[in-house]
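Secondary and tertiary structure notes
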Amino acid sequence: MTEKTILRALKGEVLPTPPIWMMRQAGRYLPEYRATRAQAGDFLSLCYTPDLAAEVTLQPIRRYGFDAAILFADILLICQALGAKLWFETGEGPRLSTVTSAAEIAALKPADAIHDTLAPVYETVRILSRELPKETTLIGFAGAPWTVATYMVAGRGTPDQGPAHALKAADRAAFAALIDRLTDATIDYLSMQVQAGAEVVKLFDSWAGSLKGQDFTDFAVAPAARIIAELKARHPGLPVIAFPREAGQGYVGFAKATGADCVALDNSVSPEWAAAHVQVDGCVQGNLAPGYMVTGGAEMDEAIRHVVRAFSKGPHIFNLGHGITPDADPANVARMIEVVRGG
Ligand code: CP3
């Protein structure tokens, strides 16, 4: 059997057509997702019901034939597994019980206690590895420690990650201990996903852009490097995608510094700049602005061709620069795939 296109790109092969998948490809822009979510009752029940989580993962594969499927789950499930309370306010987003002191950080459950809560996620991965088409790559994922910590400290999403920055400034040792706990748990969590059948893993550091200087080194680069080194020791050859979103200049050298096989790019960097400064070190993923999935038309076609062209001399996986939004038109997604594949 010829190797899957995503795995070939991750090994550094330059393919005539970039493989493609899309962040949040299972999501609210799809009527079939909304129907299954209604059947589950709420978002967390959907994440923790393996048959339904597998079903929504498969929906965009059936509809569009993406080259990869990403496990349906959420980066915040691990907080619950570590002992935090987690719920989603409809129309608003996640809410958590907060962790703001050295004592509360010490009281979190140890890494090896997370698997009871997360067992349904591993079952979803097992179902998917049986049911996906043979040419489709299965991607597992976790949030990077810094991004997960920003939610744990604040108890919700924040525009500037202020509470996490404040804890880091007030008690750097306690904050570093939280990052360490999350790093240990993330290693075990991703390792279990790989044992269950994930072929690639992706680390989402959605708020990496708010870490500057030494903080970026200590809390974005170092945890990613430790997670990737340990995963590759346990699972030789495992490809890893890292997404230090809005890292800007921090993208330069990120793959070398962390051992990632691929760096995912947000759409605030130009493809030409990223080809010259990031793709020189290996595979990149990205980076069409998600807004085009809402607006479509000739401008979308041109923007897609621009991304494909700019990255055509090196290894590239086509994706958006961030998740597709609920107001996107499913027809624009079909058109995007057609254009990437030469239409
Ligand atoms: O990409 C995929 O299709 C796989 C599943 C996936 C989800 N969330 C499902 C989801 C993945 C990989 C994530 C990652 C995630 N979750 C991130 C990192 C990526 C990013 O977007 O920056 C973050 C920060 C979260 C935390 C989170 N989950 C927030 C802030 C929200 C609310 C905001 C929103 O978009 O509604 C969620 C909810 C969530 N996670 C939804 C989905 C499909 C929407 C929930 C719903 O159906 O109501």
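See the structure shown above.
This text gives an overview of the structure that appears in the document.

Cut-off values and rules
- Residues numbered from 1 in each chain as written.
- Predicted model: local features only at pLDDT ≥ 70, side-chain atom pairs only at ≥ 80, totals over all residues.
- Heavy atoms only, no water.
- Buried < 20%, exposed > 50% of the residue type's maximum accessible area, 1.4 Å probe, protein only.
- Helix = DSSP H or I, 4+ residues; strand = E, 2+ residues; numbered from the N terminus.
- Arc of directions from axis to C-beta.
- Contact = heavy atoms within 4.5 Å.
- Salt bridge = Lys/Arg side-chain N within 4 Å of Asp/Glu carboxyl O.
- Disulfide = S-S within 2.5 Å.

**Details of helix α2 (residues 31-40)**
For α2, every residue scored as buried is listed here: Y33, T36 and A40. Each buried residue of α2 sits inside an arc of 70° when the element is viewed along its axis, so together they form one side. For α2, exposure combined with an orientation more than 90 degrees from the buried face picks out A38 and Q39. On its buried face, α2 sits against α3 (43-48) and α4 (50-64). Phi turns positive, to about 105°, at G41, one or two residues after α2.

**Digging into the pattern of salt bridges**
If you walk through the whole model with that rule in mind, you get 21 salt bridges. A salt bridge links K11 to E3; its shortest N-O distance comes to 2.8 Å. Note that R335 is salt-bridged to E338, the shortest N-O span being 2.4 Å. In this pair, R335 and E338 are both assigned in helix α16 (residues 330-340), 3 residues apart and thus about one turn of the helix distant. In this structure R335 comes out as partly exposed when scored by relative accessible area, which is 25%. Note on E338: relative accessible area 44%, which makes it partly exposed.

**Some words on the state of the cysteines**
The tally for this structure, following the rule as stated, stands at 0 disulfides. Unpaired in this structure, C47 has its nearest cysteine sulfur neighbour in C79, at a distance of 12 Å.

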